[in-house]
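Examining the three-dimensional arrangement
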Amino acid sequence: KKSFDDDVVDLTVLGDWEDFQQLWEDDKLKDFDENPEYDLVDDTISELSSWAYFKSEEEKKRESERLRQRLRELRAESGQPETEKVFWESETEGTFVREMPKVGKNDPCPCGSGRKYKHCCGKNI
């Protein structure tokens, strides 16, 4: 209770004090002490080193290639043909740039009717 009162408990993991009490009563915390997912963080760098954000570009490329290789193996095991592109790869490079400015719903309709876009051509979208 003191940990909750001192605001040192991550509420996204256990919820508030009442949630914790309910979990305790429902016996859902019996393996809590043995579960490494709920250990305190002693070394922040080693804890976050597995996060993709903190990996070097070279590590990200190696992991991506390992995932692609595993996907090829799974396809081979299931008898599925290999595709040319993996689903997470983009066919286009760079950022999308509009040729014309985006029309807001309250802007005049670009068709020239004089009505608001939301009451004219935007009505069917």
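A brief look at the structure comes next. (Residues numbered from 1 in each chain as written. Predicted model: local features only at pLDDT ≥ 70, side-chain atom pairs only at ≥ 80, totals over all residues. Heavy atoms only, no water.)

A word on the pattern of salt bridges. Two side chains with opposite charge may pair up if their charged atoms get near one another. Summed over the entire model, instances satisfying the criterion amount to eight salt bridges. Of the charged contacts, one joins K60 and E57 as a salt bridge, the two residues approaching to 3.6 Å between their closest N and O atoms. On the criterion of helical spacing, the pair formed by K60 and E57 is a turn pair, its members being three residues apart in helix α5 (residues 57-78). Its relative accessible area of 32% is what places K60 among the partly exposed residues. For E57, a relative accessible area of 53% translates into the label exposed. Residue R62 is joined to E58 by a salt bridge in which the shortest nitrogen-to-oxygen separation is 2.7 Å. (Salt bridge = Lys/Arg side-chain N within 4 Å of Asp/Glu carboxyl O. Helix = DSSP H or I, 4+ residues; strand = E, 2+ residues; numbered from the N terminus. Buried < 20%, exposed > 50% of the residue type's maximum accessible area, 1.4 Å probe, protein only.)

For soluble globular proteins, nonpolar side chains are generally found buried alongside one another. Formed by F4, V9, L14, F20 and L29, the largest nonpolar core amounts to five residues. Aside from chain neighbours lying at most four places away, what touches F4 is V9, L11, G15, D16, W17 and F20. (Core = buried A, V, L, I, M, F, W, Y, C linked by side-chain atoms within 4.5 Å. Contact = heavy atoms within 4.5 Å.)

A word on the packing of aromatic side chains. Counted by the stated rule, this structure contains six aromatic pairs. Arranged with centres 5.5 Å apart and planes meeting at 50°, the rings of F4 and F20 form a pair that is tilted. Residue F4 is located in helix α1 (residues 2-5), and its partner F20 is located in helix α3 (residues 17-25); the two are separated by 16 residues in the primary sequence. F4 gets classed as buried once you look at its relative accessible area, which sits at 16%. Accessibility expressed as a relative area gives 17% for F20, which makes it buried. Arranged with centres 6.1 Å apart and planes meeting at 35°, the rings of F20 and W24 form a pair that is tilted. Taken as a pair, F20 and W24 lie in helix α3 at a separation of four residues, close to a single helical turn. Looking at W24, the relative accessible area reads 58%, which means it is exposed. (Phe/Tyr/Trp six-rings, centres within 6.5 Å; stacked < 30°, edge-to-face > 60°.)

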